[in-house]
Amino acid sequence: MQKTLLILGATGAVGQQLLQQALAHANVARVIAPTRRALTAHIKLQNPIVDFDALPTDAAWWQVDAALCALGTTRQIAGSAAAFRRVDYDYVLQAAQCLHQAATPTLVLNSSLGANAQARGLYLRTKGEVERDVRALGFGSLTIVRPSLLDAGVRPDRRRAEEFGLWLNRHLAACIPVAWRAVKVEHVAATMLAAALRAAPGVSVIESAQIEHD
């Protein structure tokens, strides 16, 4: 049976791949992708324009068969720790609450390898905290995907640490355990989409080593 999916973060690296793959999938009837700016039109696509600081909590489009969340930024891009947390924690949790309130049964959340609410570093601690609090909402099916370093090809925004990590991965891949190797964004998206369509009951965690690697 064809499903209606909601994609959060459809303008990001993973989100763009999710949107492309979902629109092309035979088992997806419709995709809802709320964004700040308009996306390219598609016959299957509904694209509400929203302000993530003031989400329309009662919008009818929150009720779907499954939702996929690829919202996220970095502290460098966000500009401060508080701005980073607003995106990676506040926006994600608020959207999850809207979905749960609308009785959407399935959520797939893109997180990070090493996510831990007790971590000392801001990034992994924030990812762990949002995992914990989304779990507590009680979705019938929740899949958490924890990729390692993302390989998104050439980005419009320069990320020197990421570039160095990808260089190491390309030249020393045989020496790096598979769990820590960079993973292409299209593989992360394919893993998330498959999980959304499968909708396995309960909570599932897919670690980076379980994601396809080239």
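For the structure, check the block above.
In this text, all values refer to a predicted model and were calculated from it rather than measured experimentally. Residue numbers restart at each chain and count upward from 1, following the sequence in its written direction. Thresholds applied to this predicted model are a pLDDT of at least 70 for local features of residues and 80 or more for the giving and counting of side-chain atom pairs; totals over whole chains, interfaces and linings are not thresholded and use all residues. Hydrogens and water are ignored here; the side-chain numbers use all heavy atoms of the structure.

Caption draft 1: Representation of the overall build of the protein in the model. Here a helix means four or more residues in a row that DSSP labels H or I, a strand means two or more in a row labelled E, and each is numbered from the N terminus. The number of helices and strands found in the protein is six helices and nine strands. Considering only contacts in the protein between residues 6 or more positions apart, those separated by 24 or more positions represent 68%. Using a 1.4 Å probe, accessible areas were evaluated by the Shrake-Rupley method; residue-level cover was limited to the displayed protein chains. Summing over all exposed atoms, the protein offers an accessible surface of approximately 10600 Å²; the carbon and sulfur share of this is 53%. Contact criterion: two residues are considered in contact whenever any of their non-hydrogen atoms come within 4.5 Å of each other.

Caption draft 2: Up close: the pairing of strand 6 (residues 141-146). For every residue, the accessible area (1.4 Å probe, protein chains only) is compared with the maximum for its type, and the residue is labelled buried under 20%, exposed over 50%, or partly exposed between those bounds. The buried fraction of strand 6 amounts to six of the six residues, a majority that puts the element mostly inside the structure. Between the parallel pair strand 5 (residues 106-110) and strand 6, the chain is carried across by helix 4 (residues 122-135), and the sense of this crossover is right-handed. Place the viewer so that the strands point away; then a crossover is right-handed whenever the path from the first strand over the helix to the second strand goes clockwise.

Caption draft 3: Representation of the environment of Leu 18 in the model. Within the element layout of this structure, Leu 18 appears in helix 1 (residues 13-24). Owing to a relative accessible area of 0%, Leu 18 belongs among the buried residues under this scheme. Note: C-alpha distance between Leu 18 and Val 188 (170 residues apart in sequence) is 8.6 Å. Among all residues touching Leu 18, those that are not within four sequence positions of it are Ile 7, Leu 68, Ala 70, Ala 189, Met 192 and Leu 193.

Caption draft 4: Broad picture of the sheet that holds strand 4 (residues 66-69). Whether two strands pair depends on DSSP finding at least two bridges between them. With parallel pairing, the seven strands of this open sheet are ordered in space as 3-2-1-4-5-6-9. Here the strands that pair on one side only, and so sit at the sheet edges, are strand 3 (45-46) and strand 9 (202-207). Taken together, the five bridges between strand 5 and strand 6 define a ladder with parallel strand orientation. Bridging across to strand 6, Leu 107 finds its partner in Leu 142.

Caption draft 5: Structural detail: helix 3 (residues 81-101). With 21 residues, helix 3 extends 29 Å from end C-alpha to end C-alpha; this agrees with the ideal 30 Å at 1.5 Å per step. Along helix 3, the helix axis deviates most sharply at Val 87, where the bend reaches about 30 degrees. Among the residues making up helix 3, those that are buried are Ala 83, Phe 84, Val 87, Asp 88, Tyr 89, Tyr 91, Val 92, Leu 93, Ala 95, Ala 96, Cys 98 and Leu 99. The elements touched by buried residues of helix 3 are strand 1 (3-8), strand 4, helix 2 (75-78), strand 5 and helix 4. Remark: Ala 103 follows helix 3 within two positions and exhibits a positive phi of approximately 70 degrees. By this rule the span expected of a helix is its residue count minus one, scaled by 1.5 Å. The reported bend at a residue is simply the angle between two axes, fitted to the 7 residues ending at it and to the 7 residues beginning with it.

Caption draft 6: A look at the side chain of Lys 44. Turning to its location among the elements, Lys 44 is positioned in the loop between strand 2 (28-32) and strand 3. One buried charged side chain, Lys 44, makes no salt bridge at all; its nearest oppositely charged neighbour is Asp 65, positioned 12 Å away. As used in this structure description, the phrase polar contact means that two N or O atoms lie within 3.5 Å; if the pair is within protein, one of them must be able to donate a hydrogen and the other to accept it, and residues adjacent in sequence are counted only when both atoms belong to side chains. A distance of 2.9 Å separates a polar atom in the side chain of Lys 44 from the backbone oxygen of His 25. Residues in contact with Lys 44, not counting those within four places in the same chain, are Ala 22, Leu 23, Ala 24, His 25, Val 28, Ala 29, Arg 30 and Val 31. In this tally, Lys and Arg are treated as positive and Asp and Glu as negative; His is ignored, and so are the chain termini. Whenever Lys or Arg places a side-chain nitrogen within 4 Å of a carboxyl oxygen from Asp or Glu, that contact is recorded as a salt bridge.

Caption draft 7: Region of the structure containing the packing of helix 1 against helix 6 (residues 185-198). Every angle, taken between N-to-C directions, lies between 0 and 180 degrees, and every axis is a line fitted to C-alpha atoms, over only the stretch in contact when it is a helix. One way to put it is that helix 1 packs onto helix 6 with a least axis distance of 8 Å and a crossing angle of 55 degrees. The orientation of helix 1 with respect to helix 6, classified from their angle, is oblique. Both helix 1 and helix 6 take part in a crossing whose hand is right-handed. Mapping the contact onto sequence places Ala 13, Val 14, Gln 17, Leu 18, Gln 21 and Ala 22 in helix 1 and Val 185, Glu 186, Val 188, Ala 189, Ala 190, Met 192 and Leu 193 in helix 6. Each residue gets one of three labels, nonpolar for Ala, Val, Leu, Ile, Met, Phe, Trp, Tyr, Cys and Pro, charged for Asp, Glu, Lys and Arg, and polar for the others, Gly among them. Class assignment of the residues belonging to the contact of helix 1 with helix 6 gives a composition of 10 nonpolar, two polar and one charged. The scheme is simple: roughly parallel for angles under 35 degrees, roughly antiparallel for over 145, roughly perpendicular for 65 to 115, oblique for anything else. Handedness of a crossing follows from how the near helix is turned relative to the far one, being left-handed for an anticlockwise turn of less than a right angle and right-handed for a clockwise one.

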